[in-house]
There are 2 protein chains.
Amino acid sequence: MNVLIVHAHPEPKSFTAALRDQAVETLQAQGHQVRVSDLYAMNWNPVASAEDFCVRENPEYLVYALEQRRNSKEQTLAADIQQELDKLLWADLLILNFPIYWFSTPAILKGWIDRVLVSGICYGGKRFYDQGGLSGKKALVTVTLGGREHMFGEEAIHGPLEDMLRPLLRGTLAYVGLEVLPPFVGWHVPYISAEDRQAFLLSYRQRLENIEAHEPIQYPRLSQFDDRLYPLQPITL
Amino acid sequence: MNVLIVHAHPEPKSFTAALRDQAVETLQAQGHQVRVSDLYAMNWNPVASAEDFCVRENPEYLVYALEQRRNSKEQTLAADIQQELDKLLWADLLILNFPIYWFSTPAILKGWIDRVLVSGICYGGKRFYDQGGLSGKKALVTVTLGGREHMFGEEAIHGPLEDMLRPLLRGTLAYVGLEVLPPFVGWHVPYISAEDRQAFLLSYRQRLENIEAHEPIQYPRLSQFDDRLYPLQPITL
């Protein structure tokens, strides 16, 4: 497989960076090709703006997705976006590797999503969920957080972590057609011992060694809905 | 009331900007004080980094929340953060006004959240949810999106919009103690007529004229949990 790891942490010596390195090492040892986008090291610009487009469908009024459609078609996206998009299209597996900030991605990574998952290529019209532009590829979210595992779950204080990550797992990754694997979670990371961190790294290595065998999370399929996207029969999603 | 509107849209003539202007006008007419942070116009930096801190608890290894705690206490946060934090602490009502990007905030606004909602003031230790540092204040999320209303709901293709917005409504705004009002949603905005847009503006005005009467969404209270944050009795949250 070709694997793209998008890494976003402001501290180069962080445990999140150790997870990134563990992934590179493990996946390469399995014969996979691995590329890393280290967003802080790249000084990635996360702000979606008119400057992202070399030509304009409408120079007077910016509809971001509309300009994405035209500029991705004509290959006139800003160079930093095109470079990341090329890596994404090359990859069979996308790993997003980050510390949870406010139950979601750090802004620098949100801006990678906003700018790189371009309309026209990654999705558009009825091309989303299982029909999304990146279908056939997989995604894994690898996160660290301060919270403890018992704070998440059906009756826990924050509810299930997967529910907090819903706009990312379902609304972003599954939306563009990726098969979303269950997240890998490093709990309570700022407060645990070096031994417990090693245990997380080992568990991550084992997870990655079997990555091709893992079942993705189930999400809606467009065939469950009519042309206007009303459900064909009662379902719970 | 003192009202802070944080606005994030790359197009100054956008309908989202019209909603901002409607809010300013309506709230001022009711005698409220209103300030606006227009993040694109301010060229707001959304990237959390070591540069956000004038002093360091640990200059060798960045734990962002830890440095927030020390620097907010000593008033040594970067000037752009301190300025926004002062506005936030002045406000009785925070309005986040933005177009939905990937079922969440644009990165520039996510970076306002990451950098301004500082540990030590807005939350910390057991000071979260109803015990959060901003308790007593209210929050309203005002969004525009491309999707149609029937695409959201229990059996709809994307599920309930409130579930997609969960990390923002519950994991961020309710987490820091804000009373979160039901979101105001402008559906299908890029595709609707000028008349339909006017109808949204009117409906928003009516909503804002009654803002003090609205009931907040119910979220967990710390008194439902023990000292280790295990639930005291079975609950569904």
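For the structure itself, look to the data block above.
Note that the structure is predicted; figures quoted are calculated from it, not measured. (Residues numbered from 1 in each chain as written. Chains lettered and ligands numbered in written order. Predicted model: local features only at pLDDT ≥ 70, side-chain atom pairs only at ≥ 80, totals over all residues. Heavy atoms only, no water.)

1. With respect to the environment of Gln30(A)
What counts, and what does not: By the criteria applied, helices consist of DSSP H or I runs no shorter than four residues and strands consist of E runs no shorter than two, each listed in order from the N terminus.
On the secondary structure map, Gln30(A) appears in the loop between α1 (15–29) and β2 (33–38). Taking the C-alpha atoms as reference points, Gln30(A) and Asn210(A), 180 residues apart in sequence, are found 9.9 Å from one another.

2. Some remarks on the interface of chain A and chain B
This is how it is decided: In this description, contact between two residues means that some pair of their heavy atoms is separated by no more than 4.5 Å. Values labelled buried area give the accessible surface lost by two parts on being combined, using a 1.4 Å probe and summing over both. A pair is scored as a salt bridge if a Lys or Arg side-chain nitrogen falls within 4 Å of a carboxyl oxygen belonging to Asp or Glu. Whenever two N or O atoms come within 3.5 Å, that pair is a polar contact, provided that in protein one can donate a hydrogen and the other can accept it, and provided that, for residues adjacent in sequence, both atoms are side-chain atoms.
Tallying the contact residues gives 61 residues for chain A and 61 residues for chain B. Interface of chain A and chain B: buried area, both sides summed, is about 5,000 Å²; carbon and sulfur atoms make up 62% of it. Here chain A is connected to chain B by zero salt bridges. Counting across the interface, chain A meets chain B through 23 residue pairs in polar contact (both at pLDDT 80 or more). Ranked by the residues each element gives to the side of chain A that touches chain B, the list is headed by helix α5 (residues 107–116) of chain A, at six residues.

3. Concerning the relation of the copies chain A and chain B
Put simply, the rule is: We place the copies in one frame by least squares, fitting the C-alpha atoms of every residue whose pLDDT is at least 70 in both.
Taken as rigid bodies, chain A and chain B are interconverted by a rotation of 180° and an axial shift of 0.0 Å, the fit giving an RMSD of 0.0 Å. What we have between these two chains is a two-fold relation. Considering only C-alpha atoms, the residue of chain A closest to the rotation axis is Ala107(A), which sits at 2.5 Å. Both copies contact each other with a shared surface, as 100% of the interface residues of chain A are interface residues in chain B too.

4. With respect to the pairing of strand β3 (residues 93–99) of chain A
Residues and elements named next belong to chain A. Convention followed: Between buried and exposed lies partly exposed: a residue is buried under 20% and exposed over 50% of the maximum accessible area for its type, with that area taken using a 1.4 Å probe on protein chains only. DSSP calls a pair of strands paired once it identifies at least 2 bridges connecting them. By convention a crossover is right-handed if, when the strands point away from the viewer, the path from the first strand over the helix to the second runs clockwise.
For β3, the tally of buried residues reaches seven of seven residues, placing the bulk of the element in the interior. By the bridge criterion, five bridges tie strand β1 (residues 2–7) to β3 in an arrangement that is parallel. By the bridge assignment for β3, histidine 7 is matched with asparagine 97. Examined bridge by bridge, β3 and strand β4 (residues 138–144) share seven bridges and lie parallel to one another. From the neighbouring strand, isoleucine 95 faces β4, where its bridge partner is leucine 140. On the question of chirality, the crossover connecting β3 to the parallel β4 by way of α5 is right-handed.

5. Remarks on the nonpolar core
Filter applied, for reference: To form a nonpolar core, buried Ala, Val, Leu, Ile, Met, Phe, Trp, Tyr and Cys residues must be joined to one another through side-chain atoms within 4.5 Å.
If you look at the biggest cluster of nonpolar residues, it comprises 159 residues, and the most contacted ones within it are Leu88(A), Leu96(A), Trp112(A), Leu88(B), Leu96(B) and Trp112(B). Discounting chain neighbours no more than four positions away, the residues touching Trp112(B) are Leu4(B), Val6(B), Leu39(B), Trp44(B), Glu84(B), Leu88(B), Leu94(B), Leu96(B) and Leu117(B).

6. Overview of helix α5 (residues 107–116) of chain B
By the criterion of burial, α5(B) is predominantly enclosed, with 10 of the 10 residues buried. Those residues of α5(B) that fall on the buried side of the exposure criterion are Ala107(B), Ile108(B), Leu109(B), Lys110(B), Gly111(B), Trp112(B), Ile113(B), Asp114(B), Arg115(B) and Val116(B).

7. Remarks on the packing of α5(A) against α5(B)
Which entries qualify depends on this criterion: Note on geometry: axes are lines fitted to C-alpha atoms, helical ones only across the stretch in contact, with angles between N-to-C directions running from 0 to 180 degrees. Roughly parallel means an angle under 35 degrees; roughly antiparallel means over 145; roughly perpendicular covers 65 to 115; every other angle is labelled oblique. Three categories are distinguished: nonpolar for Ala, Val, Leu, Ile, Met, Phe, Trp, Tyr, Cys and Pro, charged for Asp, Glu, Lys and Arg, and polar for the others, with Gly belonging to the last.
At a minimum axis distance of 8 Å, the contact between α5(A) and α5(B) shows a crossing angle of 170°. For the element pair α5(A) / α5(B), the angle class is roughly antiparallel. Here α5(A) contributes Ala107(A), Lys110(A), Gly111(A) and Asp114(A) to the contact with α5(B), which in turn contributes Ala107(B), Lys110(B), Gly111(B) and Asp114(B). Taken together, the residues of the contact of α5(A) with α5(B) sort by class into two nonpolar, two polar and four charged.

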